[in-house]
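Summary of structural features
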Amino acid sequence: MHDVNKSTGPVSTGPDVASGRGRALPISVKSLTKTYGAFNALNNVSIDIRSGEFMTLLGPSGSGKTTLLMVLAGFVRPDSGSVLFGDDEVLLLPPHKRDIGMVFQNYALFPHMTVAENLAYPLKLRSIGKSERQDRVNRALDLVQLGGLGDRGIDALSGGQRQRVALARAVIFEPRILLMDEPLSALDKNLREQMQFEVRALHDRLGITTVYVTHDQREALTMSDRIAVINDGQIQQVDPPQRLYERPKTFFVASFIGETYRLPVDVTNGTASLFGQPIKTGGPLESTALQQALILRPEMLQIADGGPGPDENQMTGTLRQTVFQGDSIVSYISIHGDHEIAVRSQHRSNQTLPVPGSQVRLSWLIQDTVILPEDDQT
Amino acid sequence: MTATEHTEPLNKQALKRQARTQQRNELSLSLPAFILVGSLVLVPIGWLFWLSIYGADGFTAENYIRLLHPSYKKTLITTFELAFLVTGLCILLGYPLAYLASQLKPRMASLVLLCVLFPFWTSLLVRTYAWLVLLQRRGLINTWLMDMGLIDAPLKLAHNFTGTTIGMVHIMLPFFVLPLYASMKTVDLSLLKAAANLGASPVKAFWQIYVPLTLSGLGAGVILVFVLSLGFYVTPALLGGGRVMMWAMQIERSMAVYADWGAASALGVVLLVMTLGILWAFARLTGAMSSVEGK
Amino acid sequence: MWNKPATDTQVTHLQRLWLYILCTLVLLFLVMPTLLVIPMSFSDSRYLSFPPESWSLRWYRAYFSSAEWLQATAVSFKVAFLTMILATTTGTLASYGLHTTRARLGKYMMVLLTMPMIIPVILLAVGIFLTFAPVGLNSTIGGLVLAHTVLAIPLVMITVTAGLKNFDINQEMVARSMGASRPWAFLTVTLPQIRNSVLSGALLAFIISLDEVVIALLIAGGDKATLTRRMFLALRDEIDPTIAAISTLLIVFSIVMLALSQFLQSKK
């Protein structure tokens, strides 16, 4: 890479935080609040993003994830709170003094400039001489595999190429932080999956602190170091993808990521029981509420032949229907009358499937047992 | 981290201050335009209003009472007559034109639109002059009609109400057609197919489906033409030949000929109130309509 | 071909014949009177006829040898040019400010600034005359420019605001994130892309000023009379065929302007 210590932004007056690779900075958000009239876009949001981390803000539309990103970028002014880049409070700085790279959903490439001119725009603003400018534009084009396309107009590019130009433009001036707002949502599925890897690879190469907004849980799980799930202007949970999937902390997180089913459990003296039958848990329950729910995922359940193993819970139900889906088989099972759950099992050619209407035992590991208190929002 | 012991939410005051500064900066961009419009439109009109109610002997309604004089009444009637007539003729001529233009292929439609835009861009005076040349006693139309033997003596076409009406329709037609055309372009023609499918004849479908859907564009055109006609000066002054006295001409005459500021300002205030009243009523009406349509 | 359906509901061209004829007549009504002036301006006689009995450039010579007409023309173009500059800059600034602001005052400001469009011109003229009298701006170029600018600002604002609505404001944001201050982002990213709207607005401002009669009639006397004022006065007294020549020149000018504006529209 280029000389990473060179001062490129107008804001490098603060102490240069030497953290990990490059000029990456940690971000610390404290008690951000933003209301639009009666609507709470951000409700006392606090989150710490580590230096060089790939953090994804995941949530449905209107959850506040884009608002949070725009606050980081400086385009939305919150009502109160604090945003630190390293040790510097940036909340009162205008966007152009924050030294951030940004990729918008629609790329926001300048149509009145060529690809190279687009890339040179931030360099010109930093008064970088012509020859170095050209040099860096070429290197950036190579970085996103667009070498030789510098003279093209924006109209002459495909969707994927535009995406790459936007990406190159956002990092060419070596910003300390990279913000992306659903950058892949306009691409078709195959290209999107390919670009997910490319974006992640670029992040790893530059070591830049990245905040990525998406509503696509799969994308979030694939790319992120950690994911912050946001709903109704509040952060629900911040965890690495696997932990988020396995140990959701709220119903919202459980239902937003992956397929989940819920069964009601009664809790007495710290022990949960499902329709009168006690359930073993990995640790003490987080809540003492009397009415709680057991969260189950189709692929964590197994149709068992015998009784439960020492590390398993078990329940019985009636098989309603099985659906063959090629790589897997989904069985719909009703538990205790009117509760239906699904079980996904691997397809094996010599497998014999239980007949609909028959009783089946379902077992799942104690470590996969997630019990959450019923909340009022669902 | 000792500075975080705030009783106030973090940065609240500073952010508020910054938001106010930004709004002030954004609004200040319109300051030059505002100063111009304010000092040359808003203040003078306020002044006119003042002149109309405040005479040499203090507050007075005299200027408005004088407007009840028969000669002013005649002007008022002429003005409304002309405005209604011009608006009616614009509907008759403009609606079919906009209707056809909205259904033509792009190339033909743009040709038609060009014909509508051409008068729009040509000087008002030039067009009024053209009509003078065509309509006067020894003008083209009379000459042709006499050459063809259709009439023996020249018709009185210019310097009267007829000439004024023709000239005004010509001036106003583009104002009517353009908004109507725009609204017709947004009509979903498959609705007419659906109506036909349900058993409506083309004529019925037109009146029951198409016309109601274009009402907002029609309304905009009608209001625009009517309001512009009410305050029109140039064309009636030239094509009317002094025989058609419009409200705007009355204002100019009170001021320039009689230097009667009281009358001129009262006439002006009445014209303004009528204009704004009609626009306001129309805005309320379409607002109510669109809220019913649930847009 | 007349029996082919013209609409989806199987109305044939023949059944619509009346519509075609009516529309053709309306279009002729819109275009022909103005165009007839052109050949008539080359007539040799005082009484304009069509087609002219003999051709000449008599009325063009009359125009180009009249110091009064030429002076009025110069005044008109000077005023129109200055109006264009003033109205386009103030109007564009205001449109941008009001388009981007979230201030509640912005909406009222927009209504206020478009007021000159709905107030009858005669009222504006009287009011402006009244305001200019004490400060001595009547019968000056400056006064005319200010008055015409007020008239043109709403049109500039409407065209520029339409352009801004089509412009993707994210582009300006991305420029700012890369380090451009707001004014610089506007100049290098926003303005180049709403250029055609701004130019359309400028054209409109120019034409509005050039064509304006009523205000000029009240406030532009003496040697600051505009072309339209002189034409109006000449037409009110008697029909001077020189006006046919001037009209022809103005029509040609309008066609050029219309073509320019259509070109700008198509580039949008």
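Residues numbered from 1 in each chain as written. Chains lettered and ligands numbered in written order. Predicted model: local features only at pLDDT ≥ 70, side-chain atom pairs only at ≥ 80, totals over all residues.

This part is about the overall build of chain C. Along chain C, the regular secondary structure elements total 12 helices and zero strands. Written out in order from the N terminus, the α and β elements of chain C read α-α-α-α-α-α-α-α-α-α-α-α. Against the globule reference of 18 Å for 268 residues, chain C gives a C-alpha radius of gyration of 23 Å, more extended than a compact globule. The C-alpha extent of chain C, read off along each of the three principal axes, is 70 × 70 × 30 Å. (Helix = DSSP H or I, 4+ residues; strand = E, 2+ residues; numbered from the N terminus. Rg over C-alpha atoms; globule rule 2.2 N^0.38 Å.)

Broken down by element type, chain B carries 14 helices and two strands. A compact globule built from 295 residues should have a C-alpha radius of gyration of about 19 Å, whereas chain B, at 26 Å, is more than 25% larger. Projected onto its principal axes, the C-alpha positions of chain B cover 105 × 70 × 30 Å. Intrachain contacts of chain B at a sequence separation of at least 6 include 74% that bridge at least 24 residues. (Contact = placed C-beta atoms within 7 Å.)

Right, let's talk about the interface of chain B and chain A for a bit. The interface of chain B with chain A comprises eight residues on the first partner and 11 residues on the second. Here the residues of the side of chain B that touches chain A are counted per class, giving five nonpolar, two polar and one charged. (Nonpolar A, V, L, I, M, F, W, Y, C, P; charged D, E, K, R; others polar.)

Turning our eyes to something else, we now look at the packing of helix H4 (residues 70–103) of chain B against helix H8 (residues 161–185) of chain B. Residue and element names in this part refer to chain B. Relative orientation of the contacting elements H4 and H8 amounts to 45 degrees, with a least axis distance of 7 Å. One element, H4, and the other, H8, form an angle in the oblique class. By crossing handedness, the relation of H4 to H8 is classed as right-handed. (Axes fitted to C-alpha atoms, helices over the stretch in contact; angles between N-to-C directions. Parallel < 35°, antiparallel > 145°, perpendicular 65-115°, else oblique. Left-handed = near helix turned anticlockwise from the far one by under 90°.)

As a further point, take helix H1 (residues 65–73) of chain A. Residue and element names in this part refer to chain A. With respect to burial, H1 is a largely interior element, nine of its nine residues being buried. Inspection of H1 places Lys65, Thr66, Thr67, Leu68, Leu69, Met70, Val71, Leu72 and Ala73 among the buried residues, and these make up the whole buried set. Phi turns positive one or two residues past the end of H1, at Gly74, with a value near 100 degrees. (Buried ≥ 20, exposed ≤ 12 C-beta atoms within 10 Å, placed from the backbone.)

The next point concerns the confidence of the model for chain C. Summary statistics for chain C give a mean pLDDT of 89 and a share of 97% for residues scoring 70 or more. Both scores are given for the predicted complex: the pTM is 0.85, the ipTM 0.88. (pLDDT = per-residue confidence, 0-100.)

Its 16 residues place the ends of helix H11 (residues 215–230) of chain B 22 Å apart at the C-alpha level, agreeing with the 22 Å of an ideal helix rising 1.5 Å per residue. Taken as a whole, H11(B) has its buried residues at B:Gly217, B:Leu218, B:Gly221, B:Val222, B:Leu224, B:Val225, B:Phe226, B:Val227, B:Leu228 and B:Ser229. (Expected span 1.5 Å × (residues − 1).)

Looking now at the sheet that holds strand E6 (residues 100–103) of chain A. Sheet strands pair via backbone hydrogen bonds, and the direction of the pair is either parallel or antiparallel. All names here are of chain A. Strand order in the open sheet made by the six strands is E6-E7-E8-E3-E9-E10, with mixed pairing throughout. Strand pairing shows two members of the sheet lacking a second neighbour, E6 and strand E10 (234–239), which therefore form its edges. If you compare each strand with its neighbour and ignore which way they point, the axes differ by 15 degrees on average. Here five bridges tie strand E7 (residues 177–181) to strand E8 (residues 209–214), and the two strands are oriented parallel to one another. Paired with Ile177 across the strands is Thr209, a residue of E8. (Pairing = 2+ DSSP bridges.)

A few words now on the sheet that holds strand E13 (residues 277–279) of chain A. All names here are of chain A. Strand order in the open sheet formed by five strands is E13-E12-E11-E14-E20, with antiparallel pairing between adjacent strands. Pairing within the sheet leaves two strands with one partner each, and these edge strands are E13 and strand E20 (370–373). When strand polarity is set aside, the average angle formed by the axes of neighbouring strands in this sheet is 45 degrees. Sheet topology places strand E12 (residues 271–274) next to E13; three bridges connect them, and they run antiparallel. When the bridges of E13 are listed, Ala272 appears paired with Ile279.

The interface of chain B with chain C comprises 67 residues on the first partner and 71 residues on the second. In terms of residues, the side of chain B that touches chain C owes the most to one element, helix H2 (residues 31–53) of chain B, which gives 13 residues. Split into classes, the residues belonging to the side of chain B that touches chain C amount to 52 nonpolar, 10 polar and five charged.

Looking now at the domain arrangement of chain B. All names here are of chain B. Split into domains, chain B comes out as domain 1 (3–58) and domain 2 (69–294). Here domain 1 and domain 2 have C-alpha centroids that lie 38 Å from each other. Counting from both sides, the interface comprises six residues of domain 1 and, opposite them, seven residues of domain 2. Of the residues assigned to the side of domain 1 that touches domain 2, the class counts are four nonpolar, two polar and no charged. (Domains from an automatic or database assignment.)

It is worth spelling out the environment of B:Gly55 at this point. Mapped onto the elements of the fold, B:Gly55 is located in strand E1 (residues 54–55). Apart from the residues lying within four places of it in its own chain, the contact partners of B:Gly55 are B:Thr60, B:Glu62 and B:Gly262.

Note on soluble globular proteins: their nonpolar side chains tend to be buried together. One finds B:Met172, C:Ala125, C:Val126 and C:Ile219 to be the most contacted residues of the largest nonpolar core, which totals 245 residues. Here this core takes 13 residues from helix H6 (residues 141–166) of chain C, the largest share from any one element. Excluding its chain neighbours within four sequence positions, the residues that come into contact with B:Met172 are B:Val86, B:Cys90, B:Val225, B:Leu228 and B:Ser229. (Core = buried A, V, L, I, M, F, W, Y, C linked by C-beta atoms within 7 Å.)

Residue and element names in this part refer to chain A. Along strand E3 (residues 54–58), five of the five residues are buried, which leaves the element largely enclosed by surrounding structure. Going residue by residue along E3, you find Phe54, Thr56 and Leu58 tucked away on one face and Met55 and Leu57 tucked away on the opposite face as well. Of the strand pairs in this sheet, E3 and E8 are connected by five bridges, and their pairing is parallel. Paired with Met55 across the two strands is Val211, which belongs to E8. Relative to strand E9 (residues 226–231), E3 is paired through four bridges, and the arrangement is parallel. Along E9, the bridge assignment pairs Thr56 with Ile227.

This next bit is on the packing of helix H4 (residues 159–171) of chain A against helix H5 (residues 189–206) of chain A. Residues and elements named next belong to chain A. Interhelical geometry of H4 versus H5 gives an angle of 15 degrees and a closest axis separation of 11 Å. Here H4 lies roughly parallel to H5, going by the angle between them. Crossing angle aside, the handedness with which H4 passes H5 is right-handed. Residues Gly159, Gly160, Gln163, Leu167 and Val171 of H4 pack against Leu191, Met195, Val199, Leu202 and Leu206 of H5. Along the lines of polarity and charge, the residues of the contact of H4 with H5 split into seven nonpolar, three polar and no charged.

Here the focus is unusual backbone geometry. Residue and element names in this part refer to chain A. A positive phi angle is found at Ala108, which is not glycine, with a value near 50 degrees. Note on placement: Ala108 falls in the loop between E6 and helix H2 (115–125). Classification of Ala108 by C-beta neighbours within 10 Å gives buried; the count is 24. One non-glycine residue with positive phi stands out, namely His336, at about 50 degrees. With respect to the helices, strands and loops of the structure, His336 is situated in the loop between strand E17 (328–335) and strand E18 (339–346).

So, about the environment of B:Leu239. All names here are of chain B. Mapped onto the fold, Leu239 is located in helix H12 (residues 234–239). With 29 C-beta atoms packed within 10 Å, Leu239 lands in the buried category. Spatially, the C-alpha atom of Leu239 lies 5.7 Å from that of Gly163, the residues being 76 residues apart in sequence.

Another point: the pairing of E9(A). Residue and element names in this part refer to chain A. Burial within E9 is extensive, with five of its six residues counted as buried. As defined by bridge partners, E9 adjoins E10 across five bridges and the pair is classed as antiparallel. Within E10, the position partnered with Ala228 by the bridge is Val238. The hairpin formed by E9 and E10 contains two residues between the paired strands, and Asp232 there has a positive phi angle of roughly 50 degrees.

Here we come to the environment of A:Leu146. All names here are of chain A. Residue placement: Leu146 occurs in the loop between helix H3 (130–143) and H4. Taking the C-beta count within 10 Å as the criterion, Leu146 has 20 such neighbours and is therefore assigned buried. The spatial distance from the C-alpha of Leu146 to the C-alpha of Ile49 is 31 Å, given a sequence separation of 97 residues. Residue contacts for Leu146: discarding those within four places in its chain leaves Leu141, Gln161, Arg164 and Val165.

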